[in-house]
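One letter stands for each residue in the lines below.
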Amino acid sequence: MPRRPAPGASVGAGALLQLLRDGTPRTRSELSAITGLARSTVTGRVDALLASGLIAPTGETASTGGRPPATFAFNPAARIVLGADLGATHARLAVTDLAGNVLAAATADLDIALGPKAVLDWTVEHGLALLTEAGRPVGDLLGVGIGLPGPVEHDTGRAVNPPIMPGWDGFDVPSYVRERIPVPVMVDNDVNIMALGEHFTAWREHEHLLFIKAATGIGCGIIVGGQVYRGAQGAAGDMGHIRVAGADDVHCRCGNTGCLEAVASGAAIAKRLTDQGIRAGGSLDVVELARSGSVPALRLVRQAGRDIGEVLAGAVNFFNPSIIVIGGSLALAGDHLIAGVREVIYQRSLPLATRHLRIAAARTGEGSGAIGAGVMVIEHALDPARLDASTDFKTNG
Ligand SMILES: [Zn+2]
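Bear in mind the structure is a predicted one, so any value in this text is a computation, not a measurement.

(A) Region of the structure containing the overall build of the protein chain. Counting secondary structure elements, the protein chain contains 14 helices and 15 strands. Taking 21 Å as the expected radius of gyration for a compact globule of 397 residues, we find that the protein chain reaches 23 Å, a close match to that expectation. For the protein chain, the C-alpha atoms occupy an extent of roughly 80 × 50 × 40 Å along the three principal directions. The 397 residues of the protein chain split such that 51% are buried. In the protein chain, 61% of the contacts between residues at least 6 apart in sequence involve partners at least 24 apart. Positive and negative side-chain charges in the protein chain, numbering 34 and 38 respectively, have mean positions lying 5 Å apart.

Structure, rendered in structure tokens:
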């Protein structure tokens, strides 16, 4: 997220680029004034960034006389990323530029249970085809980001005991993909990449965001200071197995009782509807019933919102987000889910934490995961410290 360097912070080419990532064209003088760097230092760093293509001249500003000063701006077209959102039964791919603009995208039915080799072979083959469609060579590719529908150890890119992904446990996803596309490969769980995509696309002014994916399961992506917060083991945000009061008789697949996911997920609602004699196979059937005005479905969706709100109310007190974004297939059921969430959070959370809190529906739609997977790579590669350490920028002391 573009942001001004803190006073006294070392301002390398990476920090200068970060400043320019807001897209505003600036002159060398303006960059010097903002950063406190000498003009000569700014010139050296601007030259290095120009050589990398990450910034480009944008013409000249109006001047009262003499030669007008040149301006420079971030050049998102300089490189591209490939993002893959691999769900339980669907795969979505997107090639974007460095500003998250989608240049080419694809969606297909793909069963994650086919195992890592088959699924990743498909991803590589169709990802490369998308590069061709976008008219960009592999040499322009900054990296590949992949989201998986289960717990992921982010540092190593391996899935850890994923319940719905036979054959994936411990599989080295980055190495397998890198052997086929020789670029950095990063992996995270599907909720975190959706949170990133949603934040980057629609809510960048919010530094502290909770993204809720309410679908077959329930998970939460946490954005702190504009970046994903993963916790010590990558398990942060796994809210589906937090206990809901008064649901002790409901058994969860994790072995406990009363888990949020066992009470309020799309799968749980579908089961309750079926128990009442209304046929519902899963989350999407629940959505369809709710949209067609089925009163039992609407009631259960609203109650699911309240149950999610109950767990979130505690998180709001702990974390004090400025926005909670509700996404996932169950959110497509209309206002009822979000109304239930609002009802409980505003009632239960501390007034100071809710005074300016926004609770909103996701805006980015089904493409948010694939875009977010790419954003994960962009933020990693353009991180100021990492950029300054790279050989292209080391000379500008
Ligand atoms: Zn559970």
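So much for the structure itself; the text now carries on.
(B) Examining helix 8 (residues 266-275) more closely. Among all positions of helix 8, only Gly266, Ala268, Ile269, Ala270 and Leu273 are buried. In this structure, the buried residues of helix 8 make contact with helix 7 (260-264), helix 9 (283-291) and helix 10 (295-319). Phi for Gly277, located one or two positions after helix 8, is positive at around 90 degrees.

(C) Summary view of helix 2 (residues 28-35). Within helix 2, the full set of buried residues consists of Leu31, Ser32 and Thr35. Along helix 2, the residues classed as buried sweep out an arc of 100 degrees about the axis, all on the same side. Note on helix 2: the residue one or two positions beyond its end, Gly36, has a positive phi of about 80 degrees.

(D) Spotlight on the side chain of Ser32. The residue Ser32 is located in helix 2 in this model. Taking relative accessible area as the criterion, Ser32 reaches 14% and is therefore assigned buried. Discounting residues that sit within four places of it in the chain, Ser32 has contacts with Leu37, Ala38, Arg39 and Val42.

(E) Looking closely at the coordination of the zinc ion. Around the zinc ion, the protein contributes the donor atoms His241 (ND1), Cys252 (SG), Cys254 (SG) and Cys259 (SG), at 2.0 to 2.3 Å from the metal centre. Coordination at the zinc ion comes from 4 donor atoms whose angles at the metal span 103 to 121 degrees, giving a geometry best classed as tetrahedral. When the donor residues of the zinc ion are listed from N- to C-terminus, their spacing reads H-x10-C-x1-C-x4-C. Of this pair, His241 sits in the loop between strand 13 (227-228) and helix 7 while Cys254 sits in the loop between strand 13 and helix 7, and the two are 13 residues apart along the sequence. According to the relative accessible area criterion, Cys254 is partly exposed, its value standing at 39%.

(F) Representation of the sheet that holds strand 14 (residues 323-327) in the model. Read across the sheet, 5 strands follow the order 13-12-11-14-15 without closing on themselves; strand pairing throughout is mixed. In this open sheet, the two edge strands, each paired with only one partner strand, are strand 13 and strand 15 (358-361). As paired strands, strand 12 (residues 218-224) and strand 13 are joined by 2 bridges and run antiparallel to one another. Counterpart to Ile223 in the pairing with strand 13 is Val228. Contacting strand 11 (209-214), strand 12, strand 13 and strand 14, helix 6 (residues 190-202) crosses the sheet at an angle of about 50 degrees to strand 12.

(G) Inspection of the nonpolar core at higher detail. One finds Leu17 and Leu54 to be the most contacted residues of the largest nonpolar core, which totals 47 residues. Broken down by secondary-structure element, the contributors of at least two residues to this core are helix 1 (13-20), helix 3 (39-52), strand 3 (70-74), helix 6, strand 11, strand 14 and helix 13 (368-381). In this view, Leu17 contacts Leu49, Leu54, Ile55, Phe74, Leu382 and Leu387; residues no more than four positions away in its chain are not counted. By size, the runner-up hydrophobic cluster in this structure holds 39 residues, among which are Leu273, Val286, Leu330 and Ala333.

(H) Representation of the sheet that holds strand 5 (residues 90-97) in the model. The mixed open sheet is built from 5 strands, whose spatial order is 6-5-4-7-10. With partners counted over all chains shown, the strands left at the sheet margins are strand 6 (102-109) and strand 10 (185-189), one partner each. In this sheet, adjacent strand axes meet at a mean angle of 15 degrees when their direction is disregarded. Here strand 7 (residues 141-148) runs beside strand 10; their pairing, made up of 5 bridges, is parallel. Counted as the bridge partner of Val144 is Val185 from strand 10. Most of the contacts of helix 6 go to strand 10, to which it runs at about 105 degrees, and overall it touches strand 4 (80-86), strand 7 and strand 10.

(I) Examining the packing of helix 8 against helix 9 more closely. In contact at an axis separation of 8 Å, helix 8 and helix 9 are set at 65 degrees when each is read in the N-to-C sense. In the packing of helix 8 onto helix 9, the handedness of the crossing is left-handed. Residues Gly266, Ile269, Ala270 and Leu273 of helix 8 pack against Ser283, Val286 and Leu289 of helix 9. Classifying every residue of the contact of helix 8 with helix 9 by side-chain character gives 5 nonpolar, 2 polar and no charged.

(J) Region of the structure containing the packing of aromatic side chains. This model, assessed by the stated rule, comprises 1 aromatic pair. The positively charged end of Arg180 is found above the aromatic ring belonging to Tyr176, 3.6 Å away from the centroid. Directly above the ring of Phe200 sits Arg204, whose terminal nitrogen or CZ lies 3.9 Å from the centroid.

Rules used in this analysis
Residues numbered from 1 in each chain as written. Predicted model: local features only at pLDDT ≥ 70, side-chain atom pairs only at ≥ 80, totals over all residues. Heavy atoms only, no water. Helix = DSSP H or I, 4+ residues; strand = E, 2+ residues; numbered from the N terminus. Rg over C-alpha atoms; globule rule 2.2 N^0.38 Å. Buried < 20%, exposed > 50% of the residue type's maximum accessible area, 1.4 Å probe, protein only. Contact = heavy atoms within 4.5 Å. Lys, Arg positive; Asp, Glu negative; His and termini not counted. Charge placed at Lys NZ, Arg CZ, Asp CG, Glu CD. Arc of directions from axis to C-beta. Donors = N, O, S within 2.8 Å, 3.2 Å for Na, K, Ca; no water. Tetrahedral: all angles 85-135°; square planar, octahedral: opposite > 155°, others 65-115°. Pairing = 2+ DSSP bridges. Axes fitted to C-alpha atoms, helices over the stretch in contact; angles between N-to-C directions. Core = buried A, V, L, I, M, F, W, Y, C linked by side-chain atoms within 4.5 Å. Left-handed = near helix turned anticlockwise from the far one by under 90°. Nonpolar A, V, L, I, M, F, W, Y, C, P; charged D, E, K, R; others polar. Phe/Tyr/Trp six-rings, centres within 6.5 Å; stacked < 30°, edge-to-face > 60°. Lys NZ or Arg CZ within 6 Å of the ring centre and 35° of its normal.

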